[in-house]
Amino acid sequence: MKKAILIIILLVFVIGGFFGFRFYTKYYGNNIKKDGYVLIPHNANFNQILDSARQYVDNKEAFEAVAKEKELDKHFKAGRYHFQKGLGNAKLVNMIKAGNQSENSFRIGDFGDVYQMLGKVTKKTELDSLQFVNGLSTIAKEKGYGNAEDLKKYFFIDTYNFFWTVTPQEFFKKFNDQYNEFWNSERKSKEQQSGLTRNQIYALASIVYKESGGKKDEMKTIAGLYLNRYRKDMKLQSDPTVIYAINKQTNFKEPIKRVFYKHLSTPSPYNTYANKGIPPGPICVVDKNSVDAVLNAEKNNYIFMCADPTRLGYHKFTASAEQHAINAKAYQDWLNSKNIK
């Protein structure tokens, strides 16, 4: 009798363990065969979700069964979801239902204009570039500007995190908040002391950024030089402004590696060889260092600068036209020796 009871108890444990193991495996055991990201748009249906998930899950039938039980076909949130090893079906489904998506990193570089920037950024968003342009254009008009390009000064070079489902309004809010935080009382005071408008500050900052190649250690010197030229009523004669003028005409599709004499007459209000004064706006998205360089420009007597072939990425500065001619010839000879055209 006791033996029979023991056998029954053992069978109960075995059967319970078997079904318990199946239950655990179905809902909580790892069901990921490879890591990846599943993109679920707002207009997705259940079959699209399953199709997107199938390339990452090991047991497709189990995932579908749990998804149906938890009514994923009726309740889900759009997003970019990280399917990573160790996750079971229950956690995967709950993640999508709760909208616990993973952020993506976006690098904002020294883009020539907002449209060029959005063309790159929106490759990582649900919405396309046209939808973003339209959204930012609406924001620009609400702020009293003409179009999305007029918002360029709100963006700073850096790496940012956003969700795949980010809207133009959510996207811009991060930069608008950053812009307002950057322009604190101390910087506003220096802005007033500079005698420049904010647009002029950003335009000069963009020239400083391009001329310095983003290197912080020369920025204040370059800023001081261009302010000297501006205050002496001289043309700024900055090569990057010529490059920008040409790029705008070609929609940034023909990169310019070297500025020749023929380029200097390119018609554009941004061309500082053709026009006196500071350009009407920035020639690229800038970083915070370049704006601070203009606000804290070095007091020097430099009028001329030329790339230094002995220290690539840096420049030779001088107040002498004669010395500048020598420096310029040395640089031109170096370009020719490297067959850079």
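These remarks concern the structure in this document. (Residues numbered from 1 in each chain as written. Predicted model: local features only at pLDDT ≥ 70, side-chain atom pairs only at ≥ 80, totals over all residues. Heavy atoms only, no water.)

Some words on the overall build of the protein
What counts is decided by this rule: Secondary structure elements follow DSSP: runs of H or I no shorter than four residues count as helices, runs of E no shorter than two count as strands, and numbering proceeds from the N terminus. In this description the radius of gyration comes from C-alpha coordinates, and the expected globular size is given by 2.2 Å times residues to the power 0.38. Partly exposed describes any residue whose relative accessible area lies between the buried limit of under 20% and the exposed limit of over 50%, with all areas from a 1.4 Å probe on protein chains only and scaled to the type maximum. Any two residues whose heavy atoms approach within 4.5 Å are treated as being in contact.
Scanning the protein from N- to C-terminus turns up 13 helices and six strands. Scaling as 2.2 N^0.38, a compact globule of 341 residues should have a C-alpha radius of gyration of about 20 Å, whereas the protein reaches 30 Å, well beyond that. When its C-alpha atoms are laid out on the principal axes, the protein stretches across 115 × 50 × 40 Å. The buried share among the 341 residues of the protein stands at 45%. In the protein, once contacts between residues fewer than 6 apart in sequence are set aside, the share between residues at least 24 apart is 63%.

Description of the packing of helix H9 (residues 198–212) against helix H12 (residues 288–295)
Short version of the rule: A fitted line through C-alpha atoms represents every axis, and for helices the fit uses only the stretch in contact; the resulting angles, taken between N-to-C directions, go from 0 to 180 degrees. Orientation is classified from the angle alone, with under 35 degrees giving roughly parallel, over 145 giving roughly antiparallel, 65 to 115 giving roughly perpendicular, and any other angle giving oblique. For a crossing to be left-handed, the near helix must be turned anticlockwise from the far one by less than a right angle; the clockwise case is right-handed. Following the grouping adopted for this structure description, the nonpolar residues are Ala, Val, Leu, Ile, Met, Phe, Trp, Tyr, Cys and Pro, the charged ones are Asp, Glu, Lys and Arg, and the polar ones are all others, Gly among them.
Put simply, H9 and H12 touch, their axes get as near as 8 Å, and they point 115° apart. Between H9 and H12, the angle falls in the class roughly perpendicular. Along this stretch, H9 crosses H12, giving a crossing that reads as right-handed. Only Ser290, Val291, Ala293, Val294 and Leu295 of H12 make contact with H9, whose side of the interface consists of Ile201, Tyr202, Leu204, Ala205, Val208 and Tyr209. The residue makeup of the contact of H9 with H12, split by class, is ten nonpolar, one polar and no charged.

Some remarks on the packing of aromatic side chains
Formally: Aromatic pairs are defined between Phe, Tyr and Trp rings, using the six-membered ring for Trp, whenever the two ring centres lie within 6.5 Å; interplanar angles under 30 degrees are classed as stacked, those over 60 as edge-to-face, and all others as tilted. Whether a charge sits over a ring comes down to the Lys NZ or Arg CZ being within 6 Å of the ring centre and within 35 degrees of the ring normal.
According to the stated counting rule, one finds 24 aromatic pairs in the structure shown. An angle of 55° between the planes, with centres 6.4 Å apart, marks the rings of Tyr56 and Phe83 as tilted. One end of the pair, Tyr56, is in the loop between helix H2 (46–54) and helix H3 (60–69); the other, Phe83, is in strand S2 (residues 79–83), and 27 residues separate them in sequence. For the pair Tyr56 and Phe83, one class covers both residues: buried. The interplanar angle of 90° and the centroid separation of 5.5 Å between the aromatic rings of Phe182 and Trp183 together place this pair among those described as edge-to-face. Sitting over the face of the ring of Phe162, Lys174 holds its NZ or CZ atom 5.1 Å from the ring centroid. One residue, Arg198, lies across the ring of Trp183, its end atom 4.0 Å from the ring centre.

Considerations on the nonpolar core
Definition in use: To form a nonpolar core, buried Ala, Val, Leu, Ile, Met, Phe, Trp, Tyr and Cys residues must be joined to one another through side-chain atoms within 4.5 Å.
One finds Met117, Leu136, Phe155, Phe171 and Val291 to be the most contacted residues of the largest nonpolar core, which totals 56 residues. Breaking this core down by element, the ones donating at least two residues are strand S3 (104–108), helix H5 (114–121), helix H6 (129–142), strand S4 (158–162), helix H7 (168–182), H9, helix H10 (219–231) and H12. Examining the composition of this core, we find that eight residues originate from one element, H9, more than from any other. Residues contacting Phe171, with those up to four places away along its chain left out, are Met117, Leu118, Val121, Phe132, Phe155, Phe162 and Val166. Counting 23 residues, the second-largest nonpolar core is a separate cluster that includes Ile49, Ala53, Val57 and Leu92.

Details of the pattern of salt bridges
Oppositely charged side chains are able to pair whenever their charged atoms sit close together. Here is the rule we go by: What counts as a salt bridge is simple: a side-chain nitrogen of Lys or Arg found within 4 Å of a carboxyl oxygen of Asp or Glu.
A full pass over the atoms with the stated rule returns 14 salt bridges. Salt-bridge contacts for Lys26 lead to Glu69; the nearest nitrogen and oxygen are separated by 2.7 Å. Note that Lys26 is positioned in helix H1 (residues 2–27) and Glu69 in helix H3, a separation of 43 residues in sequence. Residue Lys26 is classed as partly exposed on the basis of its relative accessible area of 27%. Classification of Glu69 by relative accessible area gives partly exposed; the value is 45%.

A closer look at the side chain of Asp113
Inclusion rule: Identification of polar contacts relies on pairs of N or O atoms within 3.5 Å, with a donor-acceptor requirement for protein atoms, meaning one able to donate a hydrogen and the other able to accept it, and with residues adjacent in sequence counted only if both atoms are side-chain atoms.
By secondary structure assignment, the location of Asp113 is in the loop between S3 and H5. Separated by 3.5 Å, the side chains of Asp113 and Lys248 make a polar contact. Excluding anything up to four places from it in sequence, Asp113 contacts Glu149, Lys152, Lys248 and Phe252.

Details of H6
Where we set the bar: A helix is expected to span 1.5 Å for every residue after the first.
A rise of 1.5 Å per residue sets the reference length of H6, with its 14 residues, at 20 Å; its end C-alpha atoms lie 20 Å apart and thus fit the reference within 8%. The set of residues buried in H6 consists of Phe132, Val133, Gly135, Leu136, Ser137, Ile139 and Ala140. Against the buried residues of H6 lie H5 and H7. Once H6 finishes, Gly144 follows within two positions and takes phi at roughly 90°, a positive value.

Observations regarding the environment of His263
Structurally, the position occupied by His263 is in the loop between helix H11 (239–249) and H12. With relative accessibility at 15%, the residue His263 sits in the buried group. Distance in space between the C-alpha atoms of His263 and Glu170 is 40 Å, their sequence separation being 93 residues. When residues no more than four places from it in sequence are discounted, the contact partners of His263 are Val242, Ile246, Arg258 and Asn271.

Points about unusual backbone geometry
A positive phi angle, near 60°, is found at Asn251, a position not held by glycine. Despite not being glycine, Phe252 has its phi angle at roughly 60°, a positive value. With respect to the helices and strands, the residue Phe252 is situated in the loop between H11 and H12.

Side note on H7
Put simply, the test is: Throughout, the arc means the angular range of directions from the helix axis out to the C-beta atoms.
With 15 residues, H7 should reach 21 Å at 1.5 Å per residue; the first-to-last C-alpha distance of 21 Å fits that figure. Listed as buried for H7 are Pro168, Phe171, Phe172, Phe175, Asn176, Gln178, Tyr179 and Phe182. Along the axis of H7, the buried residues cluster in a sector spanning 160°; they form a single face.

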